[in-house]
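Residues per chain are reported as follows:
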Amino acid sequence: MDQAELSTEQVLQRDIPWETYMTTELISATDLQLLRLYDKKPENARAQLLDEDGPAYVQLFVTILRDIFKEDTVEYVLALVYEMLSANPTRARLFHDQSLAHEDTYEPFLRLLSKGNWFIQEKSCKILAWIISARPKAGTNGEASGSKKHITTIDDVVNGLVKWLCAQLRQPSHPTRGAPVAISCLSTLLKEPVVRSSFVQADGVKLLVPLISPASTQQSIQLLYETCLCIWLLSYYEPAVEYLATSRTVQRLTEVIKSSTKEKVVRVVILTFRNLLPKGTFGAQMVDLGLPHIIHSLKTQAWSDEDLLDALNQLEEGLKDKIRTLSSFDKYKQEVLLGHLDWNPMHKEVNFWRENVTSFEENDFQILRVLLTILDTSSDPRSLAVACYDLSQFIQYHAAGRVIVTDLKAKERVMKLMTHENAEVTKNALLCIQRLLLGAKYASFLQA
């Protein structure tokens, strides 16, 4: 059978020759006694053994995985550990018991991430996620003083696991389960500050963004939910927020809540927006994407989750405050940076241009350069027309507008649009060229 399709139940049906392993001294007589008491026994009996002697069983399983390399046995022990932790995830604390301070409890699972088949990789990943999440916050296993042998540190295991998780998002080991398993583990692990740091350093945030898209099937909805959960957890970590600000994260999350009816998905997106709203330019982006209207619409729906309703109310109030504090140039800047221009009132308001024309000088004329990029790349006639008009307005109202626009080589770009098939584009391209050639002094009579 293909190991990728193996189930835990199928693996646990095997009979492992423990006596043979004792005869060849791969396990001790004590190990064999522990295994006979535990293996193939009912769940309540195994639970009692773990309650009474949990650290001994952890040491036993880690020893077998360290010393025995037969694939069937490795899969079997991983299935035992996985079953033990999935039944009660708090048992992961056993791996951090003080009696195991000099035992390298991480190493076998970390090694098997890169050595084994898909069943072995998947189980090792999930087990490591549980163990890392359960570690004591003060002091860590694997860094005991006085130990002469090398012990895998928490940094070793976090960096190794994060590297594997990122690899699954780039090029999955399993075509359909690689990415979902990685995202599922990350949605647990990113609660840990040390994992957030490692994930950002590994350039992992950009691997999440493409997965934020509306979903329809149950499987894809779960993947979307866990991806959004990862983004929410990262919204508490400033270096990750800096990356999110330069990506299309807010746009993608907005598309998700416009189409999703799944309450848990909507809740985690709204909580993410609430976190991001006061930071950087996120608030302005949300306003430009029409989020106030979307939030108003969401509030009319029958949600059962009180936390979601509270978050919607808080986000609505926060957006109202943001709208009040946004200057007209902030709003204009966000519209240009998003690359989709429309005939909003500010484009033709004389006061807007008189009051803000020097703001176009910021960041080496960044906004003018983006307008020129829109002329080069946009296929939307309305955006092209407005961009031409705004360039003509800059020429009109800035004392050195004609020289600056000429230096930026705008003339050639605008000239190309004078033969555009859309009349609105050609009209505004002509206006821009007239103002460019005549200058502000002689072009003031030229009005769109």
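Residues numbered from 1 in each chain as written. Predicted model: local features only at pLDDT ≥ 70, side-chain atom pairs only at ≥ 80, totals over all residues. Heavy atoms only, no water.

J.: So what about the overall build of the chain? Which residues, and what values?
T.: Secondary structure summary: the chain contains 26 helices and zero strands in total. Taken over C-alpha atoms, the radius of gyration comes to 30 Å for the chain, far larger than the 22 Å a tight globule of 448 residues would show. Counting only C-alpha atoms and orienting by the principal axes, one finds that the chain spans roughly 100 × 45 × 45 Å. Across the 448 residues of the chain, 51% fall into the buried class. In the chain, once contacts between residues fewer than 6 apart in sequence are set aside, the share between residues at least 24 apart is 70%. For the chain, the exposed surface amounts to about 21300 Å²; the carbon and sulfur share of it is 50%. (Helix = DSSP H or I, 4+ residues; strand = E, 2+ residues; numbered from the N terminus. Rg over C-alpha atoms; globule rule 2.2 N^0.38 Å. Buried < 20%, exposed > 50% of the residue type's maximum accessible area, 1.4 Å probe, protein only. Contact = heavy atoms within 4.5 Å. Areas by Shrake-Rupley, 256 points an atom, 1.4 Å probe, with all protein chains shown as cover.)

J.: An account of the state of the cysteines is needed here, citing residue identities and associated values.
T.: Counted under the stated rule, the structure contains zero disulfides. C432 forms no disulfide, and the closest cysteine sulfur to it belongs to C388, at a distance of 5.8 Å. Judged by relative accessible area, C432 falls into the buried class, the value being 1%. (Disulfide = S-S within 2.5 Å.)

J.: So, the side chain of S187: which residues are in play, and what are the values?
T.: Examined against the element boundaries, S187 turns out to sit in helix 9 (residues 178–189). Among the residues examined, S187 registers a relative accessible area of 6% and is labelled buried. Polar side-chain contacts of S187 include one of 2.7 Å to the backbone oxygen of S184. (Polar contact = N/O pair within 3.5 Å; in protein donor to acceptor, adjacent residues only side chain to side chain.)

J.: How would you sum up the pattern of salt bridges? Please name residues and give values.
T.: Summed over all chains, the structure comprises 20 salt bridges. The residue E19 makes a salt bridge to R36 at a minimum N-O spacing of 3.3 Å. One end of the pair, E19, is in helix 2 (residues 18–23); the other, R36, is in helix 3 (residues 29–38), with 17 residues separating them in the sequence. According to the relative accessible area criterion, E19 is partly exposed, its value standing at 40%. Salt-bridge contacts for D67 lead to R66; the nearest nitrogen and oxygen are separated by 3.1 Å. The exposure class assigned to R66 is partly exposed, which follows from its relative accessible area of 33%. Several salt bridges share partner residues, and in doing so they unite E122, K123, K126 and R177 into one network. (Salt bridge = Lys/Arg side-chain N within 4 Å of Asp/Glu carboxyl O.)

J.: Requested: an account of the environment of Q285, with residues and values cited.
T.: Within the secondary structure, Q285 is located in helix 16 (residues 282–288). Judged by relative accessible area, which is 5%, Q285 ranks as buried. Separated by 49 residues in sequence, Q285 and Q334 have C-alpha atoms that sit 6.4 Å apart. With sequence-adjacent residues up to four places away left out, Q285 is seen in contact with A245, V250, Q251 and Q334.

J.: Before we move on, could you go through the nonpolar core and cite the residues and values that matter?
T.: By size, the foremost hydrophobic cluster in this structure holds 114 residues, and its most contacted members are W18, I270 and F273. Dropping the residues within four chain positions of it, W18 is found in contact with I27, L32, L35, D39, I64, T73, Y76 and V77. F329, L372, L384 and L436 belong to the second-largest nonpolar core, a separate cluster that totals 36 residues. (Core = buried A, V, L, I, M, F, W, Y, C linked by side-chain atoms within 4.5 Å.)

J.: Account for helix 13 (residues 238–245), with residues named and values stated.
T.: What helix 13 keeps buried is the set A240, V241 and L244. Taken down its axis, helix 13 places every buried residue within 100° of arc, on the same side. Check the buried side of helix 13 and you find it contacts helix 10 (193–201), helix 11 (205–208), helix 12 (218–234), helix 14 (249–259), helix 15 (263–276) and helix 16. (Arc of directions from axis to C-beta.)

J.: Would you mind going over the confidence of the model for the chain in detail, with residue names and values included?
T.: Summary statistics for the chain give a mean pLDDT of 90 and a share of 94% for residues scoring 70 or more. The secondary-structure element of the chain with the lowest mean pLDDT is helix 26 (residues 440–443), recorded at 54, while helix 5 (residues 71–87) shows the highest, at 97. (pLDDT = per-residue confidence, 0-100.)

J.: Help me get a handle on unusual backbone geometry, residues and values and all.
T.: Phi at D364 is positive, roughly 55°, even though this residue is not glycine. By secondary structure assignment, the location of D364 is in helix 21 (residues 362–377). Located in the positive-phi region is F365, a residue other than glycine, with phi close to 60°. Assignment of secondary structure puts F365 in helix 21.

J.: With reference to specific residues and values, describe the packing of helix 6 (residues 107–115) against helix 7 (residues 118–133).
T.: Running from N to C, helix 6 and helix 7 point in directions that differ by 145°, and their axes come no closer than 8 Å. For the crossing formed where helix 6 meets helix 7, the hand is left-handed. Seen from helix 6, the contacting residues are F109, L110, L112 and L113; seen from helix 7, they are I120, Q121, S124, C125, I127, L128 and I131. A per-class count over the contact of helix 6 with helix 7 returns nine nonpolar, two polar and no charged. (Axes fitted to C-alpha atoms, helices over the stretch in contact; angles between N-to-C directions. Left-handed = near helix turned anticlockwise from the far one by under 90°. Nonpolar A, V, L, I, M, F, W, Y, C, P; charged D, E, K, R; others polar.)

J.: Summarise the packing of helix 3 against helix 4 (residues 43–67); cite the residues concerned and give the values.
T.: With their axes 10 Å apart at the nearest point, helix 3 and helix 4 run at an angle of 130° to one another. Relative to helix 4, helix 3 is oriented oblique. Where helix 3 crosses over helix 4, the handedness of that crossing is left-handed. Of the residues in helix 4, those touching helix 3 at D31, L34, L35, L37 and Y38 are R46, L49, L50, D53, A56, Y57, L60, F61 and I64. (Parallel < 35°, antiparallel > 145°, perpendicular 65-115°, else oblique.)

J.: Talk me through the environment of S7; I want residue IDs and the actual numbers.
T.: In this fold, S7 is placed in the segment before helix 1 (8–11). On the basis of relative accessible area, S7 is assigned to the partly exposed category, the value being 23%.

J.: So, the packing of aromatic side chains: which residues are in play, and what are the values?
T.: Counted under the stated rule, the structure contains 18 aromatic pairs. Judged by centre distance (5.6 Å) and plane angle (80°), the rings of W232 and Y236 are edge-to-face. Residue classification places Y236 among the partly exposed residues on the basis of a relative accessible area of 46%. Members of the aromatic cluster, connected to one another through ring pairs, are F329, Y332, F352, W353, F360 and F394. Looking at R46, its charged tip hangs above the ring of Y38, at a distance of 5.9 Å from the centre. A cation over a ring is seen here: K123 above Y82, with NZ or CZ 4.6 Å from the ring centre. (Phe/Tyr/Trp six-rings, centres within 6.5 Å; stacked < 30°, edge-to-face > 60°. Lys NZ or Arg CZ within 6 Å of the ring centre and 35° of its normal.)

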